[in-house]
Structures are given as C-alpha cells and as structure tokens.
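Given next are the chains, with one letter for each unit.
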Amino acid sequence: MTNSSHIRRGSEGLALAAAAVSVVLWASAFVSIRSAGDAYSPGALALGRLLAGTAVLGVLMAVRREGLPPRAAWRGIALSGLLWFGLYMVVLNWGEQQVDAGTAAMVVNIGPILIALLGARFLGERLPPRLVAGMGVSFAGAVAVGLSMSGDGGANVLGVGLCLLAAVTYAAGVVAQKPALAHGSALQVTFFGCLVGAVACLPFSGQLLSDAADAPAPATLNMVYLGVFPTALAFTTWAYALARTTAGRMGATTYVVPALVVLMSWLVLDEVPAWLTLVGGALCLAGVGVSRSRPRRRTERTEPVGASVTVAAEPEPETAGGSR
C-alpha cells in the first residue's frame, strides 16, 4: 500500500472519529433539553446555548491564534450561522414544545435526506446506491422509533410545520457550510457561524434574562452544557469531518442519533424502550453502516492457466467541490 493510501485512510479514520464525537454529543443534547426546556423559552434557550458556545470557541480561537477566515468563506459561514445555528435551534426548541418527541424525531429526520439531495444539486455530489439504500433503511428506523415514542394526539399542524422547518434549515445550513470549509478551518467556520447565530438570536435577550432569574440551577447548567459540548465541541468536530467527506455521507451519519437517544434515555432517565423502539434503533445503525460502506475490490480471473489477472481499481473517495 502506498504512503498516499495510508495518509488517506488515516484522514478518513480521524474524520469518522470526529463525526462519532458529534453524534454522541448531539444525542446527549436531547436529555439536557428535557431539563432546560422546562424553564427556558425556545428563543432564550437557543440564545443562552449559543452565547455559551461562542464564549468557549472564542477562547479556543485566542489560544490557537486563529484570525478571520478568508473572504471566500464568509458567505457559507453567514448562511450556516443564520440557518443552522440560529433559526434551526429556535424552531426545533419551539416545535418540540408543540408535538411529542416521537413526531418531532420522525419529521426532523427528513434532514439527512434533504442534505443528500441539496448536496447533489448545489455541490455536485454523487448519490451512490449504497448511500441511498442506507438512508432509506435508517429513515425507516427513525420512523419506527418515532412511532414507538409518539403519544396520543401529541401532534398539531404548527408543531409539525416547525419541525419540518427545522429539518429544512438544518439541511440548508450543512450544505452552505461545506464550501466554507474549503477556505477556513473547522474552528474558524464554527466560531463565526456560532457568533452569527448568537447575534441573530439577540432579540431574545430579554426572555433569557427573565427566564434565567426564575430557572432552577439544573436547568441553567444544562443550558451551559448544551453550549459547551453539543454546540462548541460537537459542531467543531462535525466541521472537521465535513471538510473531509461529502455532505450526503455526513448527513447519513446523524441517523445514529435516534439509536443513541434511546440508549441514553434508558440509562439516564430510566425510560425502558419498547421492542419497536429497539428495532428502529437497530435499523438506524444498520442503515448508517450501509451508507458509509464502500464496494469491495473485485478480482476477475480468466479460466486458462497463465492468463492475466485483472484487478479493478479501488474506487476514488467520494469528494465534492471544496472537500479537502
């Protein structure tokens, strides 16, 4: 194996590890939102989370002495900051107050499918059969988890619409962020995206101050946790991984989240999952495995002894414009 192959495989391994950190922390966010969401309004929770994340990322920027990203990165940073860091967090918090957790999970998990479609349309990414098949299996698993968690009459038009808007803004934000990572570092893109989102949520400052005055300490600590880990750390590791693979494959990776939420709710909240929940979680994991797999190298031999052996070339890594 050549040195370039070793380097490429090592880079892919680091990207996969970074993606794993992101999905684990994003799954843990659902547990924290349970507490913080009872004491903080949707906009206040989003702003508090973003302010905490911006503060931590700002310290990291100062320690690493990273300055402003190149001008070419700003369009993607601004769009992802407004759509993903800002609007997505507000409407998701609001939507989850209007519908049950299962309905929210089903609707929001349209996001990875939209990421793949938008990536193909605007980034020129391919849609390999394994990616499409894997997302189909994972989405079926997300639906199963959602159905098993849905309550009676827990959905309404406003709540479903808000969760759908969250899925669209999440997908658009990821696709907008991808080109920016060709020009700025993962830390730069995440910090300034988080800052843009925080500025966009400043109209909720009054609500944040009012809610913080009455909120119990655990709720406030959970809000800070959301800012430090699922925002500052997880969005940075996500950006690192996204810079090294396609938006479609990264989106499919987030289907691990429903399975992890089921496990964490079981361990932390003592919520014993139903059999349909377990089946759905297993399907989510299986689909992610399929979507991230690659075709094996094939060797073709002719029957006559001494005939030449033809080895098919190893497929090129799936990259899109701006990937590095």
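Residues numbered from 1 in each chain as written. Predicted model: local features only at pLDDT ≥ 70, side-chain atom pairs only at ≥ 80, totals over all residues. Heavy atoms only, no water.

Undergrad: Would you explain the overall build of the protein chain in this entry?
TA: The helix and strand inventory of the protein chain stands at 13 helices and two strands. Put simply, the protein chain has 324 residues, and 47% of those count as buried. Across the protein chain, contacts joining residues at least 24 apart in sequence account for 89% of those joining residues at least 6 apart. Counting every atom, the protein chain has about 15200 Å² of accessible surface; 66% of that belongs to carbon and sulfur. (Helix = DSSP H or I, 4+ residues; strand = E, 2+ residues; numbered from the N terminus. Buried < 20%, exposed > 50% of the residue type's maximum accessible area, 1.4 Å probe, protein only. Contact = heavy atoms within 4.5 Å. Areas by Shrake-Rupley, 256 points an atom, 1.4 Å probe, with all protein chains shown as cover.)

Undergrad: What am I meant to see in the packing of aromatic side chains here?
TA: Each aromatic ring pair is characterised by the separation of its centres together with the angle its planes make. Inspection of every chain in the model, using the stated rule, returns twelve aromatic pairs. Between Trp26 and Trp238, the aromatic rings sit 5.1 Å apart at their centres with planes inclined by 45°, giving tilted as the arrangement. Of this pair, Trp26 sits in helix 1 (residues 3-39) while Trp238 sits in helix 10 (residues 217-242), and the two are 212 residues apart along the sequence. There is no split in this pair, since Trp26 and Trp238 are both buried. When the ring of Phe85 is compared with that of Phe235, the centres are 4.6 Å apart and the planes differ by 40°; the resulting orientation is tilted. (Phe/Tyr/Trp six-rings, centres within 6.5 Å; stacked < 30°, edge-to-face > 60°.)

Undergrad: I keep staring at the side chain of Thr231 and nothing clicks. Help me out?
TA: Mapped onto the elements of the fold, Thr231 is located in helix 10. On the basis of relative accessible area, Thr231 is assigned to the buried category, the value being 0%. Contact partners of Thr231, with chain neighbours within four places excluded, come to Arg49, Gly53, Met89, Cys194, Leu226 and Thr236.

Undergrad: Would you mind going over the environment of Thr236 with me for this structure?
TA: Within the secondary structure layout, Thr236 lies in helix 10. The spacing of Thr236 and Gln188 is 48 residues in sequence and 8.9 Å in space, taken between C-alpha atoms. Here Thr236 is in contact with Leu57, Ala186, Leu187, Thr190 and Thr231, once residues within four sequence places are set aside.

Undergrad: Looking at this model, I keep getting lost on the nonpolar core. Mind explaining?
TA: The nonpolar side chains of soluble globular proteins are, as a tendency, buried together. Core analysis: the biggest nonpolar cluster contains 79 residues, and Tyr40, Trp84, Val174 and Trp238 have the highest contact counts within it. Among all residues touching Val174, those that are not within four sequence positions of it are Trp84, Ile115, Trp238, Leu242 and Ala247. (Core = buried A, V, L, I, M, F, W, Y, C linked by side-chain atoms within 4.5 Å.)

Undergrad: Help me understand the side chain of Glu66, please; the structure alone is not making it clear to me.
TA: Among the structural elements, Glu66 can be located in the loop between helix 2 (42-64) and helix 3 (74-98). On the accessibility criterion, Glu66 (19% relative accessible area) is buried. Apart from residues lying up to four places away in sequence, Glu66 is in contact with Met61, Ser185, Leu187 and Gln188.

Undergrad: I'm lost on helix 3 in this one. Help?
TA: Because an α-helix packs 3.6 residues into every turn, residues spaced three or four apart end up facing the same way. For helix 3, spanning 25 residues, the distance from its first C-alpha to its last is 34 Å, which sits close to the expected 36 Å at 1.5 Å a residue. Where helix 3 bends most, the angle comes to about 35°, and this point is Tyr88. (Expected span 1.5 Å × (residues − 1). Bend = angle between axes of the 7 residues up to and from the residue.)

Undergrad: Looking at this structure, I do not really get the packing of helix 3 against helix 8 (residues 186-200). What am I missing?
TA: Relative to each other, helix 3 and helix 8 sit at 55°, their axes nearing to 7 Å. Taken together, the axes of helix 3 and helix 8 lie oblique to each other. Here the hand of the crossing between helix 3 and helix 8 comes out right-handed. For the pair helix 3 and helix 8, the contacting residues are Trp74, Ile77, Ala78, Gly81, Leu82, Phe85 and Gly86 in the first and Val189, Thr190, Phe192, Gly193, Cys194, Val196, Gly197 and Ala200 in the second. (Axes fitted to C-alpha atoms, helices over the stretch in contact; angles between N-to-C directions. Parallel < 35°, antiparallel > 145°, perpendicular 65-115°, else oblique. Left-handed = near helix turned anticlockwise from the far one by under 90°.)

Undergrad: For this particular structure, what's the right way to read the state of the cysteines?
TA: Applying the stated criterion across every chain yields a total of zero disulfides. Counting only cysteine sulfurs, Cys201 is the nearest neighbor of Cys194, a cysteine outside any disulfide, at a range of 9.6 Å. Look at Cys194 and you get buried, because its relative accessible area is 0%. On the basis of relative accessibility, which here comes to 2%, the residue Cys201 falls in the buried class. (Disulfide = S-S within 2.5 Å.)

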